Amino acid sequence: MADSSTQSITIGASPDQVAAIICDFPSYPEWTEAVRRAEVIEEYEDGYASQVRFSLDAGVLADEYVLAYEYAEDLSRIEWHLVAPSRMQKAQRGSYDIVGNLDGTCTVTYTLEVELSVGMLGMFRRKAEKMIMDTALKQLKRRVEEAGAAQ
């Protein structure tokens, strides 16, 4: 498996508010630029998604794949892995760790490791991962803070 990359961001919301946005997979196309479709195909008894099919179009990277999800009981950690290889990916593992801060904000740490089916020099892969993670965290922050302001 490839090396993992990690990035963090502080969001002006509670951990519960952040987890609610992350777990609302069908709304991803509304706020995540590269996601064209996110469809929950299996759920746990508690209603949380156990498997989600994604259709992604990020210009040079277009793919369709299924991720399996697991959750910490308090939703402080949401992790996933690729169910089966896709056209572009051999493997994917990732997680969001959500920690509340004393000032009412929270810190979200995104960890991702992707093994692509196509060859890519390590330097370019790391740069692509950084860009994907940076964009994902900024879009998550904007969505959560906009949802909080609308309440």
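Residues numbered from 1 in each chain as written. Predicted model: local features only at pLDDT ≥ 70, side-chain atom pairs only at ≥ 80, totals over all residues. Heavy atoms only, no water.

S.K.: Is there a simple way to think about the overall build of the chain in this case?
M.R.: Each helix and strand counted, the chain has three helices and seven strands in total. Counting from the amino terminus, the chain carries its helices and strands in the arrangement β-α-α-β-β-β-β-β-β-α. Per-residue burial for the chain yields a buried fraction of 40% across its 151 residues. Counting every atom, the chain has about 8500 Å² of accessible surface; 51% of that belongs to carbon and sulfur. (Helix = DSSP H or I, 4+ residues; strand = E, 2+ residues; numbered from the N terminus. Buried < 20%, exposed > 50% of the residue type's maximum accessible area, 1.4 Å probe, protein only. Areas by Shrake-Rupley, 256 points an atom, 1.4 Å probe, with all protein chains shown as cover.)

S.K.: Hey, could you run me through the sheet that holds strand S3 (residues 49-58) in this one?
M.R.: Hydrogen bonds between backbone groups are what pair the strands of a sheet, and the pairing can be parallel or antiparallel. Here we have seven strands laid out as an open sheet, ordered S1-S7-S6-S5-S4-S3-S2, and antiparallel in their pairing. The two strands at the open ends of the sheet, each matched to only one other strand, are strand S1 (5-11) and strand S2 (35-43). With direction set aside, neighbouring strand axes in the sheet form an average angle of 20 degrees. Here helix H1 (residues 15-23) sits on the sheet in contact with S1, strand S4 (61-71), strand S5 (77-82), strand S6 (89-100) and strand S7 (106-116), set at roughly 155 degrees to S6. (Pairing = 2+ DSSP bridges. Axes fitted to C-alpha atoms, helices over the stretch in contact; angles between N-to-C directions. Contact = heavy atoms within 4.5 Å.)

S.K.: Sorry if this is basic, but what is going on with the pairing of S2 here?
M.R.: Note on strand geometry: in a regular strand, side chains alternate between the two faces of the sheet. One ladder, built from seven bridges, connects S2 with S3; its direction is antiparallel. Following the sheet pairing, Val35 is matched in S3 by Leu56.

S.K.: I'm lost on the environment of Ser8 in this one. Help?
M.R.: Following the sequence through the fold, Ser8 ends up in strand S1. Along the backbone, Ser8 and Val108 are 100 residues apart, and their C-alpha atoms lie at a distance of 5.4 Å. The residues touching Ser8, leaving out its near neighbours within four places in the chain, are Thr107, Val108, Thr109 and Leu137. Within polar-contact distance, the side chain of Ser8 engages the side chain of Thr109 at 2.7 Å. (Polar contact = N/O pair within 3.5 Å; in protein donor to acceptor, adjacent residues only side chain to side chain.)

S.K.: Is there a simple way to explain the pattern of salt bridges in this structure?
M.R.: Pairing is possible between side chains of opposite charge, provided their charged atoms come close. Under the defined criterion, the tally for this structure stands at eight salt bridges. Connected through salt bridges with shared partners, the residues Arg37, Glu39, Arg53 and Glu64 form a single ionic network. (Salt bridge = Lys/Arg side-chain N within 4 Å of Asp/Glu carboxyl O.)

S.K.: It is not clear to me how the nonpolar core should be interpreted in this structure. Could you clarify?
M.R.: One recurring pattern in soluble globular proteins: nonpolar side chains tend to sit buried together. Of all hydrophobic cores here, the largest spans 38 residues; its most connected members are Ile11, Val18, Phe25, Phe54, Tyr69, Val108 and Leu140. Sorting elements by how many residues they give to this core places S7 first, with six residues. (Core = buried A, V, L, I, M, F, W, Y, C linked by side-chain atoms within 4.5 Å.)

S.K.: Teacher, can you tell me more about unusual backbone geometry here?
M.R.: For residues other than glycine, phi is negative in most cases, and the peptide bonds are mostly trans. Look at Leu75: it is not a glycine, yet its phi comes out positive at around 60 degrees. Relative to the assigned elements, Leu75 resides in the loop between S4 and S5.

S.K.: Even after reading the chapter, I still don't get the confidence of the model for the chain, so can you show me in this structure?
M.R.: Detailed reading of predicted coordinates is not advised where the pLDDT is low. Across the chain, the average pLDDT comes to 89, with 87% of residues at 70 or higher. The least confident element of the chain is helix H3 (residues 122-150), whose mean pLDDT is 79; the most confident is S5, at 98. (pLDDT = per-residue confidence, 0-100.)

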